[in-house]
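These are the residues of each chain, in order.
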Amino acid sequence: MLEISDLQVEIEGKKILDDIFLEIKPGEIHVLMGPNGSGKSTLAKALMGHPDIGVKRGKIILDGEDITKSPPDERAKKGLFLAFQYPVEVPGVNLANFLRIARNSLLPKEKRIPVFKFRELLRKKLAFLDLEENFMERNLNEGFSGGEKKKTEILQLLVLTPKYAILDETDSGLDIDSLKTVFESFNKILKNEKKMGVLIITHYKKIFDYIKPDFVHVLKNGVICENGKMDIVKKIEKQGYR
Ligand code: ADP
Ligand code: MG
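On a predicted model such as this, the values are computed, not experimentally measured, just so you know.

Colleague: In this structure, what is going on with the site of ligand 1? I would like to understand it.
Modeller: Around ligand 1 sit 13 residues, and of these Gly37, Gly39, Lys40, Ser41 and Thr42 come closest. The separation between an oxygen atom of ligand 1 and a polar main-chain atom of Ser38 is 3.2 Å. Between ligand 1 and the protein, one listed contact pairs an oxygen atom with a backbone N or O atom of Ser41 at 2.9 Å. Against a free-state accessible area of 570 Å², the protein chains account for coverage of 65% of ligand 1. Residue assignment for the shell around ligand 1 shows that the elements contributing at least two residues are β2 (14-24) and α1 (40-48). Broken down by class, the residue content of the shell around ligand 1 amounts to three nonpolar, six polar and four charged.

See the structure below:
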């Protein structure tokens, strides 16, 4: 279980999140909604251990282990994954190599996947996302379209198969076809990885055409103001976030 307990978070001395409690059990799909600037990405970054984030109070527990102070790579090793809202371009870093190194860093030495075998595996994953094979030769996110960047985040998810995945607005900036490809692929991942716990951050209701969440939470001004199920979404549709 990924457990967030009484979390209070600051950035540069300014309080951004307060009183955050959230429990994500294996196999559960949670959706976090909220208006722009409510602190959704800050929560995602706090979970992953982003260096800008100052945790002032509270705990993040991953399968019983306190990771509140762990660096991001340790959290990744323990099975946490974040798909960024704004993936960064990394010139000079080949996508295939990046993914292989990321995958292998999670495995014990004797299980590491050799280059040839990994590329074979990657070819299948690329096809899964409607990406061409030579896409893996490009540099990480460099010159990628918005849709390609988001697909690359899902490609990482496919390769890393974490225990808990956080998707920060993976749906935003996608056209209808890419949205369909990305979330149909994501659903296939969930079918294969029945124990993956998921936190999907969004403010569009379009995502509910693809994702059927177990729980929905609403974040406003850094505080979770509502917890429930799909009924909350219907309410937001009618009244907005007011
Ligand atoms: P959301 O993802 O819900 O749109 P964010 O988590 O990105 O919201 O931002 C929440 C608040 O934190 C905003 O007021 C934003 O300006 C502020 N914030 C986020 N990152 C930083 C930063 N690096 N420095 C200062 N303020 C920040
Ligand atoms: Mg955000």
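Past the structure itself, the notes keep going.
Colleague: When you look at the coordination of the magnesium ion (ligand 2) in this model, what are you seeing that I'm missing?
Modeller: Geometrically, a metal with four donors at the corners of a regular tetrahedron has ideal angles of 109.5 degrees, and one with six donors at the corners of a regular octahedron has ideal angles of 90 or 180 degrees. Summarising the metal site, the magnesium ion (ligand 2) is bound by the protein donors Ser41 (OG) and Gln85 (OE1), whose distances to it range over 2.1 to 2.2 Å. With Ser41 in helix α1 and Gln85 in the loop between β6 (80-83) and α3 (95-105), this residue pair connects regions lying 44 residues apart in the sequence. A relative accessible area of 13% places Gln85 in the buried class.

What counts, and where the lines are drawn
Residues numbered from 1 in each chain as written. Chains lettered and ligands numbered in written order. Predicted model: local features only at pLDDT ≥ 70, side-chain atom pairs only at ≥ 80, totals over all residues. Heavy atoms only, no water. Near = heavy atom within 4 Å. Polar contact = N/O pair within 3.5 Å; in protein donor to acceptor, adjacent residues only side chain to side chain. Areas by Shrake-Rupley, 256 points an atom, 1.4 Å probe, with all protein chains shown as cover. Helix = DSSP H or I, 4+ residues; strand = E, 2+ residues; numbered from the N terminus. Nonpolar A, V, L, I, M, F, W, Y, C, P; charged D, E, K, R; others polar. Donors = N, O, S within 2.8 Å, 3.2 Å for Na, K, Ca; no water. Buried < 20%, exposed > 50% of the residue type's maximum accessible area, 1.4 Å probe, protein only.

Note that all results are geometric; they support no functional claim without further evidence.
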